[in-house]
Amino acid sequence: MKELQSKFQLEDKNSIKKRFFLGSIIATLIAGSPFLFYLYNYVPPTTDWETFLFTYHSGYYENAQTAMWMLTGKLITLLFLVIWFFTCRHWWYHALLVPIIMYIYQVVIAIYQDTKLDEFDLVYLLPIMALIIPSIYLIRAKVFNKINDADKTMQELEDEFKIRPKGFMNRLKEYF
């Protein structure tokens, strides 16, 4: 019995260490986000930016620094949305997929075309919204059904719908 108890304590300590490590990485990314945003200052204000990895040519802005400023603004926002999505424990967290997909689309356009960065065709987002919005509404309807049928508080109902994954990969599998 003591061996079994020590095995569970060891697993619990390991999971605590993993969560602490992952939390430390997330906290470092959030705390370092101003530095990440201002990385565009290290890009030369010229049309062509040559590094040992690649050469970037700015077509629309005619200035690589301005193009990287636009790109980092979108990437940092996308980073925050992704962190929020994977750490949110509320029933409505799937609604975050809509702005995440929108920012991914804008980043792809910024990288491949370097033109019309803030033009966004809502048509590409409609299929995703057609799946997410009804799903959120159905979850909301279930929550309010349970409120009317039971004497539970809103917090108790939210706790019922919270997803408590065992790890990052299991959480990722839940979405795909």
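This text goes with the structure placed above it.
Residues numbered from 1 in each chain as written. Predicted model: local features only at pLDDT ≥ 70, side-chain atom pairs only at ≥ 80, totals over all residues. Heavy atoms only, no water.

> For this particular structure, what's the right way to read helix α3 (residues 64-87)?
Because an α-helix completes one turn every 3.6 residues, residues spaced three or four positions apart along the sequence face the same direction. Helix length check: α3, at 24 residues, gives a terminal C-alpha distance of 34 Å against a target of 34 Å (1.5 Å per residue), a fit within 8%. One side-chain oxygen of the residue at the start of α3 lies 2.9 Å from the amide nitrogen of Q65, identifying that residue as N63. (Helix = DSSP H or I, 4+ residues; strand = E, 2+ residues; numbered from the N terminus. Expected span 1.5 Å × (residues − 1). Polar contact = N/O pair within 3.5 Å; in protein donor to acceptor, adjacent residues only side chain to side chain.)

> Sorry, what's going on with the packing of α3 against helix α4 (residues 97-112) here?
Two numbers describe a pair of packed helices, the interaxial angle and the distance between the axes. Two elements in contact, α3 and α4, have axes separated by 9 Å at closest approach and are oriented at 150 degrees. One finds that α3 runs roughly antiparallel with respect to α4. α4 is crossed by α3, and the crossing has left-handed handedness. Two secondary-structure elements touch here, α3 through L71, K74, L75, T77, L78, L81, V82 and F85 and α4 through L97, P99, I100, Y103, I104, Q106, V107, A110 and I111. For the contact of α3 with α4, the class distribution of residues is 14 nonpolar, 2 polar and 1 charged. (Axes fitted to C-alpha atoms, helices over the stretch in contact; angles between N-to-C directions. Parallel < 35°, antiparallel > 145°, perpendicular 65-115°, else oblique. Left-handed = near helix turned anticlockwise from the far one by under 90°. Contact = heavy atoms within 4.5 Å. Nonpolar A, V, L, I, M, F, W, Y, C, P; charged D, E, K, R; others polar.)

> What is the right way to look at the packing of aromatic side chains in this model?
Centre-to-centre distance and the angle between the planes together describe a pair of aromatic rings. Scanning the entire structure with this criterion turns up 5 aromatic pairs. When the ring of W49 is compared with that of F54, the centres are 5.4 Å apart and the planes differ by 90 degrees; the resulting orientation is edge-to-face. Its relative accessible area of 17% is what places W49 among the buried residues. An aromatic cluster of at least three residues, connected via ring pairs, comprises F37, Y38 and Y40. (Phe/Tyr/Trp six-rings, centres within 6.5 Å; stacked < 30°, edge-to-face > 60°. Buried < 20%, exposed > 50% of the residue type's maximum accessible area, 1.4 Å probe, protein only.)

> Quick question: what am I supposed to make of α4 here?
Along its 16 residues, α4 runs 22 Å from first to last C-alpha, staying within 8% of the 22 Å computed at 1.5 Å per residue. Taken residue by residue, α4 has V98, I100, Y103, Q106, V107, I109 and A110 as its buried positions.

> Please clarify how the nonpolar core should be interpreted in this entry.
As a rule of thumb, nonpolar side chains are buried together in soluble globular proteins. One finds Y40, V43, W49, Y56, A64, A67, M68, L71, V107 and A110 forming the largest nonpolar core, which totals 10 residues. Counting only elements with at least two residues in this core, the list comes to α3 and α4. Of the residues forming this core, the biggest block, 4 residues, is contributed by α3. With 8 residues, the next largest nonpolar core counts L78, Y93, I100 and Y103 among its residues. (Core = buried A, V, L, I, M, F, W, Y, C linked by side-chain atoms within 4.5 Å.)

> Looking at this structure, I do not really get the side chain of S33. What am I missing?
Tracing the backbone through its elements, the reader meets S33 in helix α2 (residues 33-37). One polar contact links the side chain of S33 to the main-chain carbonyl oxygen of I30, over a distance of 2.8 Å. Each residue touching S33, except ones within four places of it in the same chain, is listed here: I76 and F80.

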